[in-house]
Amino acid sequence: MEMSRAKPRSPRDKWLLGCGIGCGAVAVIIVILAVAGFFFVKGLVQSFKESDETMKILVSKYGWVSDFRPNPDGRIDRDRLEIFLSAREAAFPVRRALEESLAALSRGRRAEGIEIKSPGSAFSLAKQAFGIVPRIAEYFHARNQALLDRGMGIGEYGYIYVTAYYGWLKKPVTDGPGFRVAGGDEEKGSVRWGGDDGRDHHKDMILRWIQSFYLPMLKNQSAGLAEAPEGAVTGSVPAGGKPRWRDALAAEIKALETDGFRVPWQDGMPDVLASSLEPFRERLEASYSPMTNPLETLVEKK
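On a predicted model such as this, the values are computed, not experimentally measured, just so you know. (Residues numbered from 1 in each chain as written. Predicted model: local features only at pLDDT ≥ 70, side-chain atom pairs only at ≥ 80, totals over all residues. Heavy atoms only, no water.)

Trainee: Just checking my understanding: could you explain the overall build of the chain for this structure?
Mentor: When you go through the chain residue by residue, the secondary structure sums to 14 helices and zero strands. When the helices and strands of the chain are read in sequence order from the N terminus, they spell out α-α-α-α-α-α-α-α-α-α-α-α-α-α. Across the 302 residues in the chain, those meeting the buried criterion constitute 51%. Partitioning the contacts of the chain with sequence separation of at least 6, the portion at a separation of at least 24 is 81%. Per element, the accessible surface of the chain, about 14,000 Å² overall, is 53% carbon and sulfur. (Helix = DSSP H or I, 4+ residues; strand = E, 2+ residues; numbered from the N terminus. Buried < 20%, exposed > 50% of the residue type's maximum accessible area, 1.4 Å probe, protein only. Contact = heavy atoms within 4.5 Å. Areas by Shrake-Rupley, 256 points an atom, 1.4 Å probe, with all protein chains shown as cover.)

The following block contains the structure:
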């Protein structure tokens, strides 16, 4: 991959890259600041300087998120799951502090009944939200560094995250802080976070982002499978009369292409993939963080 041919990025693009996988919570903060009349992009870029550097190294070593090619046979190797969990465990202290800050902001939002309907109310919430930015930056840096130390790219991390938590354990893609943000009118595209009235909109937005990187990964996987001789891929062998892995992968790709708001593997996961995850069920459950979930599921498009 020739990095020199990449399209030049604006300061905003570079900031998004620094976030790594996801800028859900930070995007919410930006909306708050924009509604209030304060769009401190330069300050946020500085806050994410360290995570930006680790992300650049990850990209240079392992490629973009959507470049990742899962095993053609459908399995996730045991050692890769160990690395994924080890990286999450290494970042746990920082993630825990961020969880507490997000939970406190969520409680404050409900207690104060803040609505983003005027500059005054937006500024009140922005003051609270802006204080979380350094902790978000610290988490991205800690997670990115943990991946670098263990030899895993951000694409593989994202693939395992979506496959394990959404596809297999059926965690809601809308998990996150319990507050709602809305700016502008509906026609201009307001952003809502949490709350029954905005949950569908938020879910659609997240699923669009997930598909922007997960679908290309499955296509990469399918390409690898097509290159392998028939019968050479263990996961392609029928088991118990269930569809072969080749057929299951092709069907999931088609389903995702047809439905832009589909959760990957929502109708059930092939045995060859699920059996890779089963030995790690308890550790995956323990490592999941509903509060910081939005930071893991949004990615910058290539």
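That covers the picture; the talk isn't over yet.
Trainee: How should I be thinking about the environment of L207 in this particular structure?
Mentor: Of note, L207 is situated in helix 10 (residues 196-227). When the C-alpha positions of L207 and V263 are compared, they lie 6.7 Å apart, and in sequence the two are 56 residues distant. When residues no more than four places from it in sequence are discounted, the contact partners of L207 are V173, G260, F261, R262 and V263.

Trainee: Just checking my understanding: could you explain the packing of aromatic side chains for this structure?
Mentor: Under the definition given, this model contains 10 aromatic pairs. Between Y139 and F140, the aromatic rings sit 6.1 Å apart at their centres with planes inclined by 40 degrees, giving tilted as the arrangement. Exposure remark for F140: the relative accessible area of 0% places this residue in the buried category. For the pair Y159 and Y214, a centre-to-centre distance of 5.5 Å together with 10 degrees between the ring planes defines the contact as stacked. Placement of Y159 in helix 9 (residues 154-168) and of Y214 in helix 10 is noted, with a sequence separation of 55 residues between them. (Phe/Tyr/Trp six-rings, centres within 6.5 Å; stacked < 30°, edge-to-face > 60°.)

Trainee: Teacher, can you tell me more about the packing of helix 4 (residues 49-62) against helix 8 (residues 133-150) here?
Mentor: Packed helices, taken two at a time, are described by their axes: the angle between them and the distance between them. Close contact between helix 4 and helix 8 brings their axes to 8 Å; oriented N to C, the two are set at 30 degrees. Looking at the two axes, helix 4 sits roughly parallel to helix 8. Classified by chirality, the crossing of helix 8 by helix 4 is left-handed. Residues E50, S51, T54, M55, I57, L58 and K61 of helix 4 touch helix 8, and the partners they reach there are A137, F140, H141, R143, N144, Q145, L147 and L148. (Axes fitted to C-alpha atoms, helices over the stretch in contact; angles between N-to-C directions. Parallel < 35°, antiparallel > 145°, perpendicular 65-115°, else oblique. Left-handed = near helix turned anticlockwise from the far one by under 90°.)

Trainee: Is there a simple way to think about the nonpolar core in this case?
Mentor: Note on soluble globular proteins: their nonpolar side chains tend to be buried together. Counting 65 residues, the largest nonpolar core has F84, Y159, Y214 and L284 as the members making the most contacts within it. Of all the secondary structure elements, the ones that give two or more residues to this core are helix 4, helix 5 (78-90), helix 6 (92-112), helix 8, helix 9, helix 10, helix 11 (245-258) and helix 12 (271-277). Examining the composition of this core, we find that 10 residues originate from one element, helix 9, more than from any other. Discounting chain neighbours no more than four positions away, the residues touching L284 are F84, L85, A164, Y165, W168, L169 and L277. (Core = buried A, V, L, I, M, F, W, Y, C linked by side-chain atoms within 4.5 Å.)

Trainee: Would you take a moment to explain the side chain of S287 for this structure?
Mentor: Looking at the secondary structure, you find S287 in helix 13 (residues 281-287). With residues up to four places along the chain from it excluded, the contact list for S287 reads L85, R88, R95 and Y165.

Trainee: Even after reading the chapter, I still don't get the confidence of the model for the chain, so can you show me in this structure?
Mentor: Interpretation of this model should avoid reading the predicted coordinates in detail wherever pLDDT is low. This prediction gives the chain a mean pLDDT of 75; 61% of its residues lie at or above 70. Note on residues 110-121: pLDDT under 50 across the span, and 19 contacts to partners over four residues away in sequence or across chains. The model gives residues 180-197 a pLDDT under 50, and that stretch makes 40 contacts with residues more than four places away or in other chains. (pLDDT = per-residue confidence, 0-100.)

Trainee: Hey, could you run me through the pattern of salt bridges in this one?
Mentor: Opposite charge on two side chains allows them to pair when their charged atoms are near. Inspection of every chain in the model, using the stated rule, returns 17 salt bridges. Residue E227 is joined to R69 by a salt bridge in which the shortest nitrogen-to-oxygen separation is 3.5 Å. Separated by 158 residues along the polypeptide, E227 in helix 10 and R69 in the loop between helix 4 and helix 5 bring together distant segments of the chain. Residue K171 is joined to E285 by a salt bridge in which the shortest nitrogen-to-oxygen separation is 2.7 Å. Taken together, the residues K171 in the loop between helix 9 and helix 10 and E285 in helix 13 connect sequence positions 114 residues apart. Note on K171: relative accessible area 18%, which makes it buried. Via salt bridges that share partners, D52, E53 and K56 belong to a single interconnected network. (Salt bridge = Lys/Arg side-chain N within 4 Å of Asp/Glu carboxyl O.)

Trainee: Is there a simple way to explain the packing of helix 5 against helix 8 in this structure?
Mentor: Across the interface, helix 5 lies against helix 8 with an axial gap of 9 Å and an inter-helix angle of 145 degrees. Regarding helix 5 and helix 8, the two cross each other, and that crossing is right-handed. Note on element contacts: helix 8 touches helix 5 through Y139, A146, L147 and R150, opposite I83, S86, A87, R88 and A90.

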